[in-house]
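Given next are the chains, with one letter for each unit.
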Amino acid sequence: MNRRGKSSWRGLGTAALIVLGTWLIAGCGTPPPTEPGTTGTITTSAPTSATQSEQPGQPGVITEHANHTTVRLRAGQVIQVSLQNLYWSDPASASTGVLALDGPVSRQPDRRCPVGSGCGTLTAHFRAVGPGTTQLEAHRSSCGEAMGCRPDQRDFTVTLVVT
């Protein structure tokens, strides 16, 4: 192969690495946080807010979009926490007398992503046990293999108020 052929292969390899790196970084991002202190809603199959229409035992879903918000629940209500990266720690409630883990935490890898990228979904269910306020938290320091998270991507915190 002549000198020009080697150069074009190197350029193609460099371009492929840039595209792959951009794809991995974009896949690790966390949606921008909402204004601290605002009230979040949890997604349910019905179009109305879970705090108004959800029956005890019927789960709503909290995602990264609820980061830094407050969610209101009724005692007995079940919520599902669904985080889109496998490097998150298991979500935990600061007060299990208010909000308790309701079953095992599961991690479902996305097989379409490269190994080590952390692509997948972490899922946990919690039950509102009794009245009070608690924090639901998860943390991560890695957003992919050998790739640290930006400070705004490291912590997931939702305040839950149970009545």
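Residues numbered from 1 in each chain as written. Predicted model: local features only at pLDDT ≥ 70, side-chain atom pairs only at ≥ 80, totals over all residues. Heavy atoms only, no water.

### A word on the state of the cysteines
Now for step 1: Summed over the entire model, instances satisfying the criterion amount to one disulfide.
Now for step 2: The residue that forms a disulfide with cysteine 143 is cysteine 149, at a sulfur-sulfur distance of 2.1 Å. Every disulfide takes its handedness from the sign of the S-S torsion; for cysteine 143 and cysteine 149 that torsion is 110°, giving right-handed.
Now for step 3: Accessibility expressed as a relative area gives 1% for cysteine 143, which makes it buried.
Now for step 4: Look at cysteine 149 and you get buried, because its relative accessible area is 4%. (Disulfide = S-S within 2.5 Å. Buried < 20%, exposed > 50% of the residue type's maximum accessible area, 1.4 Å probe, protein only.)

### So, the nonpolar core
Now for step 1: In terms of nonpolar packing, the biggest core is built from 20 residues, with Ile62, Leu73, Ile79, Leu99, Phe156 and Leu160 touching the most fellow members.
Now for step 2: Only β3 (69-73), β4 (78-83), β8 (120-128), β9 (132-139) and β12 (155-162) provide two or more residues apiece to this core. (Core = buried A, V, L, I, M, F, W, Y, C linked by side-chain atoms within 4.5 Å. Helix = DSSP H or I, 4+ residues; strand = E, 2+ residues; numbered from the N terminus.)

### Topic: the pattern of salt bridges
Now for step 1: Per the stated rule, a full pass over the model turns up four salt bridges.
Now for step 2: One salt bridge connects arginine 107 with aspartate 90, and the closest N-O pair in it is separated by 2.8 Å. Within this pair, whereas arginine 107 is found in strand β7 (residues 106-109), its partner aspartate 90 is found in the loop between β4 and β5 (92-93), the two being separated by 17 residues in sequence.
Now for step 3: With a relative accessible area of 38%, arginine 107 lands in the partly exposed category.
Now for step 4: We classify aspartate 90 as partly exposed; its relative accessible area is 41%.
Now for step 5: A salt bridge links aspartate 102 to arginine 127; its shortest N-O distance comes to 3.3 Å. In this pair, aspartate 102 is assigned in the loop between β6 (99-101) and β7 and arginine 127 in strand β8, connecting sequence segments 25 residues apart.
Now for step 6: A relative accessible area of 33% places aspartate 102 in the partly exposed class.
Now for step 7: For arginine 127, a relative accessible area of 32% corresponds to the partly exposed category. (Salt bridge = Lys/Arg side-chain N within 4 Å of Asp/Glu carboxyl O.)

In short, the description is geometric, and any link to function would need to be established separately.
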